[in-house]
Amino acid sequence: MARKQQQPTKAFVEEAGRWLGFALGDLATARSNRADQAVPNRNAAYMAQQAAEKAIKAVIILEDRPFELVHDVEALALQVPADFSVPASGNDLAWLTDL
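The shown structure was predicted, so the numbers you read here are calculated from the model rather than taken from an experiment.

Caption draft 1: Molecular detail of the overall build of the protein chain. The helix and strand tally for the protein chain stands at four helices and zero strands. Listed N to C, the secondary structure of the protein chain is α-α-α-α in terms of helices and strands. For the protein chain, contacts bridging at least 24 residues in sequence account for 43% of all contacts bridging at least 6.

Printed below as a string of structure tokens:
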């Protein structure tokens, strides 16, 4: 029997929004780092990985599910709800994790 879809509580929406805000901040930092030729590319890549990790955690939080406290984007993507499509391949996620 399929799980009944429930609306997330206001608290979970707010917490997911907080994590999404962290992700957007990390993405802005990654873009800024990338634009600055004095900053090594690895710094921009690291911040991009952090942004992806926090965005995935926001999705998991919306489902009122705990997430593993790991820095493995690929492992986190396996925790998202089955009806949510992560817009990246397993190879891309593994590459991000290895940064």
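After that view of the structure, there is still more to cover.
Caption draft 2: Focus on the packing of helix H1 (residues 10-35) against helix H2 (residues 41-62). One way to put it is that H1 packs onto H2 with a least axis distance of 8 Å and a crossing angle of 165°. Taken together, H1 and H2 sit at an angle that is classed as roughly antiparallel. In the crossing of H1 with H2, the sense of the turn from one axis to the other is left-handed. Of the residues that constitute the contact of H1 with H2, the class distribution is 17 nonpolar, five polar and five charged.

Caption draft 3: Spatial organisation of H1. Along its 26 residues, H1 runs 37 Å from first to last C-alpha, staying within 8% of the 38 Å computed at 1.5 Å per residue. Within the span of H1, buried status applies to Ala16, Trp19, Ala23, Asp26, Ala30 and Asn33. Each element contacted by the buried residues of H1 is listed here: H2.

Caption draft 4: Representation of the nonpolar core. Ranked by size, the top nonpolar core spans 13 residues in total, and within it Trp19, Ile56, Ile60, Ile61, Phe67, Leu76 and Val80 carry the most contacts. Counting residues per element, the ones that place at least two in this core are H1, H2 and helix H3 (73-77). Excluding residues that lie within four positions of it along the chain, Ile60 makes contacts with Arg65, Pro66, Phe67, Leu76, Gln79 and Val80.

Caption draft 5: Spatial organisation of the pattern of salt bridges. Using the criterion set out here, one finds four salt bridges in the structure. Lys10 is paired through a salt bridge with Glu14; the nearest N and O atoms lie 3.8 Å apart. On the criterion of helical spacing, the pair formed by Lys10 and Glu14 is a turn pair, its members being four residues apart in helix H1. The class of Lys10 is exposed, set by a relative accessible area of 64%.

Cut-offs used in this document
Every chain's residues receive numbers from 1 upward, in the order its sequence appears when written. Only residues with pLDDT of at least 70 are given local features in this predicted model, and only at 80 or more are side-chain atom pairs given and counted; all residues enter the totals for whole chains, interfaces and linings. Side-chain calculation: all heavy atoms of the structure are included, whereas hydrogens and water are not. Per the convention used, a helix needs a DSSP run of H or I reaching at least four residues, while a strand needs a run of E reaching at least two, with both numbered from the N terminus. We call two residues in contact whenever any of their non-hydrogen atoms come within 4.5 Å of each other. Fitting a line to C-alpha atoms yields each axis, with helices limited to the stretch in contact; the angle taken between N-to-C directions then spans 0 to 180 degrees. For classification, angles of less than 35 degrees are called roughly parallel, those exceeding 145 degrees roughly antiparallel, those between 65 and 115 degrees roughly perpendicular, and all remaining angles oblique. For a crossing to be left-handed, the near helix must be turned anticlockwise from the far one by less than a right angle; the clockwise case is right-handed. Asp, Glu, Lys and Arg are counted as charged, while Ala, Val, Leu, Ile, Met, Phe, Trp, Tyr, Cys and Pro are counted as nonpolar; the rest, among them Gly, fall into the polar class. For a helix, the expected span equals 1.5 Å multiplied by the number of residues minus one. For every residue, the accessible area (1.4 Å probe, protein chains only) is compared with the maximum for its type, and the residue is labelled buried under 20%, exposed over 50%, or partly exposed between those bounds. What makes a nonpolar core is a set of buried Ala, Val, Leu, Ile, Met, Phe, Trp, Tyr and Cys residues whose side-chain atoms join them at distances within 4.5 Å. Criterion for a salt bridge: a side-chain nitrogen of Lys or Arg within 4 Å of a carboxyl oxygen of Asp or Glu.

Fair warning: the whole summary comes from geometry, so function is off the table for now.
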